[in-house]
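# Close look at the chain arrangement
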Amino acid sequence: MRRDVNCPIPNPSTLVARRCTLLILSIVGLDLGFVLLARAMGWSTASLLPLSADLFGDYFKFILAFPGGDAVQPSTLGGLGERIARYQASGDYAGVEGLARNQLTTLHVTPITALFCLINVQAMTWVDPVLLFAAQLVALAGWWIALAMRQADSRREGMFWALAGLACYPAAMVLLRGNLYAGAAGLLIIHSMLTVLRQPESPKAAVLLALACCIRPNAVAFLLPLFALTAAGRVPMLIRFGATGAVVTLVALWGAHALHPGYTLQTFHAALRIYYDMYVVHDLGVAYGSSTFGALKLVFGFRPGLDTLALLPAALIALATAALAWRQALRPSSLLFLTAAAYTLGSTIFADYHLLPFVLPILLLAREHEGGTLDDRARAVMICSCLILAPKNLAFSDQFSGQVVANPLILIAGSIQIIWEEWKAHQHHRAAPATGEQRELKAELAGQEA
């Protein structure tokens, strides 16, 4: 049967984008169907995403706990007025006075995050809170769509990537928890890595990554691929990264202190100690997380030194990645998957809305795919990345899903396979030129003998 000439064949990068998007959407659909069935049959009261009691809580509940939040008029839009009023009265986050009572406060966030929250509180006296929140969500979505379209070879491919990014599990967590900070940090990491891949000499990549670290310091893990992929001098890149981070943090600290005198380095450190006690030592911070520490804590309970022991898998992955990157033995997709895996596994508290950078490996697979079937490395990167980007909340026990253990296992197993496959490929590549040289030498000797 002759193919219709008016029906263009998708290029290889579009096929990869479509395959990844369909895989993510299929898992999302299966998980949602299972959870809805379990609820209908009375097997579970769990939901696909965090409980509705905290819907948009990381935005409204947290921000409204800052000074001036009690004066904000609850919105009548979207039926959220009652919820916003309840968040204002919740008392889940205290101010400076909560430090003396060892109570969770709003002071444990970085200066740039605190300044963002304080500016939002001020803006809510002029703009409807729901409209303000929605506008920022739209801005994040538009940012992602622009990145996806710019990275794609065609509009069709870009639409697949845009859909995959908007429909994936971490994006849904950003939306439903209202954690705009995680969304911004994730997109800054993605933008930084795509920038250095497209423009290896651009200073913009270091600036973007520094901004991400100002929100989430753990993102410093992505300095490894930044150095490995850049064509510029590494020392100037490091200076630019450090200078940007320092200046932004100091300016944000000054601004946050000016708007909220109770926010200082001293109160920040005191609040961080309370946060550690509540989230690391006690029960918070495990549900809907993907770190090695969270998995071990769920299975064995907290033990002194467990947070240090849990760093071991991430440290080994990072060391192996650095060694292979130094030998130039990693494709960009593998490099960024392994970095994202170390970033995830090595963070003591790692909520799932921070998983957004796992779109990077599959985006790069599309650039590396030349039309043939995916090799073992590429398949491992694609399958593991898509599994991490899709929810697996199929079995709950008191709000805790098996995904807390499944995600670290996927990342560790996938990282081991990718490292092994990349090492084998590197060894084969090293042997191939030597074989060619031997053939040339033999031909030359044969010619001399003749």
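What you see is a predicted model; the values in this text were computed from it and never measured.

About the thresholds
- Residues numbered from 1 in each chain as written.
- Predicted model: local features only at pLDDT ≥ 70, side-chain atom pairs only at ≥ 80, totals over all residues.
- Heavy atoms only, no water.
- Helix = DSSP H or I, 4+ residues; strand = E, 2+ residues; numbered from the N terminus.
- Buried < 20%, exposed > 50% of the residue type's maximum accessible area, 1.4 Å probe, protein only.
- Contact = heavy atoms within 4.5 Å.
- Areas by Shrake-Rupley, 256 points an atom, 1.4 Å probe, with all protein chains shown as cover.
- Axes fitted to C-alpha atoms, helices over the stretch in contact; angles between N-to-C directions.
- Parallel < 35°, antiparallel > 145°, perpendicular 65-115°, else oblique.
- Nonpolar A, V, L, I, M, F, W, Y, C, P; charged D, E, K, R; others polar.
- Left-handed = near helix turned anticlockwise from the far one by under 90°.
- Salt bridge = Lys/Arg side-chain N within 4 Å of Asp/Glu carboxyl O.
- Core = buried A, V, L, I, M, F, W, Y, C linked by side-chain atoms within 4.5 Å.
- 1 Å grid on protein atoms, 1.4 Å probe; cavity = no way out; pocket = protein on both sides within 12 Å on 5 of 7 lines; lining within 4 Å.
- Points joined across faces, edges and corners; volume = space filled by probe spheres on them.
- Expected span 1.5 Å × (residues − 1).

For the rest of this paragraph, the subject is the overall build of the chain. Scanning the chain for helices and strands turns up 19 helices and 2 strands. Relative to its full complement of 450 residues, the chain shows a buried share of 48%. Restricting to contacts in the chain with at least 6 residues of sequence separation, those with at least 24 account for 75%. Summed over its atoms, the accessible surface of the chain is roughly 21,300 Å², and 64% of this surface lies on carbon and sulfur atoms.

Another aspect to go through is the packing of helix α16 (residues 332-345) against helix α17 (residues 359-368). Taken N-terminus to C-terminus, the directions of α16 and α17 make an angle of 175°; their axes are 8 Å apart at the nearest point. Comparing the axis directions of α16 and α17 gives the class roughly antiparallel. Contact residues: P332, S333, L336 and F337 in α16; L360, P361, L364, L365 and E368 in α17. The class makeup of the residues in the contact of α16 with α17 is 7 nonpolar, 1 polar and 1 charged.

Right, let's get into the packing of helix α8 (residues 180-198) against helix α9 (residues 204-215). Where α8 meets α9, the closest approach of the two axes is 8 Å, and the angle between their N-to-C directions is 160°. On the basis of their axis angle, the class for α8 and α9 is roughly antiparallel. For the element pair α8 and α9, the recorded crossing hand is left-handed. For the pair α8 and α9, the contacting residues are Y181, A184, A185, L188, I189, H191, S192, M193, T195 and V196 in the first and K204, A205, L208, L209, L211, A212 and I215 in the second. Looking at the contact of α8 with α9 residue by residue, the class counts come to 13 nonpolar, 3 polar and 1 charged.

To continue, consider the pattern of salt bridges. If charged atoms from side chains of opposite charge come close, those side chains can pair. Across all of its chains, the model carries 10 salt bridges by this definition. Measuring nitrogen to oxygen at the nearest pair gives 2.8 Å for the salt bridge that ties K61 to D54. Accessibility expressed as a relative area gives 11% for K61, which makes it buried. For D375, the salt bridge is made with R331, and the minimal N-O distance between the two is 3.0 Å. Separated by 44 residues along the polypeptide, D375 in the loop between α17 and α18 (376-389) and R331 in the loop between α15 (311-326) and α16 bring together distant segments of the chain. For D375, a relative accessible area of 28% puts it in the partly exposed group. According to the relative accessible area criterion, R331 is partly exposed, its value standing at 21%. Through salt bridges with shared partners, one network takes in R331, D375, R377 and E422.

Further remarks concern the side chain of Q151. The topology assignment puts Q151 in helix α5 (residues 129-151). Residue classification places Q151 among the buried residues on the basis of a relative accessible area of 10%. Sequence-distant contacts of Q151, defined by excluding residues within four places in its chain, comprise L194, R198, L363, L364 and R367.

With that settled, consider unusual backbone geometry. You will see that N102, though not glycine, has its phi angle at about 55°, which is positive. Classification of N102 as exposed rests on a relative accessible area of 57%. In the Ramachandran plot, Y288 falls in the positive-phi region, its phi being about 55° despite a non-glycine side chain. Mapped onto the elements of the fold, Y288 is located in the loop between α12 (265-281) and α13 (292-300). On the accessibility criterion, Y288 (12% relative accessible area) is buried.

Core analysis: the largest hydrophobic core is formed by 128 residues, its most contacted members being F60, W144, W161, I189, L209 and L226. Ignoring anything within four residues of it in the chain, the contact list for I189 reads L209, A212, A219, F222, Y343, P357 and L360.

So, about the layout of surface pockets. The gaps of empty space that remain are located by a probe, the size of a water molecule, rolled over the atoms. By volume, the second largest pocket is sized at about 290 Å³. Secondary structure elements with two or more residues in the lining of the second largest pocket: α5, α6 (155-167), α7 (169-177) and α8. Its residues placed into classes, the lining of the second largest pocket shows 13 nonpolar, 2 polar and no charged.

Our next topic: the environment of L335. By secondary structure assignment, the location of L335 is in helix α16. Measuring from C-alpha to C-alpha, the distance between L335 and A318 comes to 10.0 Å, with 17 residues separating the pair along the chain. Apart from the residues lying within four places of it in its own chain, the contact partners of L335 are P225, A228, L229, T321, A325 and L330.

So, about α16. With 14 residues, α16 ought to run about 20 Å at 1.5 Å a step, and its terminal C-alpha atoms sit 20 Å apart, in line with that. Summarising burial for α16: 13 of the 14 residues are buried, a large majority.

All right, on to the environment of F241 then. Relative to the helices and strands, F241 is located in helix α11 (residues 234-259). Discounting residues that sit within four places of it in the chain, F241 has contacts with A206, L209, A210, C213, V220 and L223.

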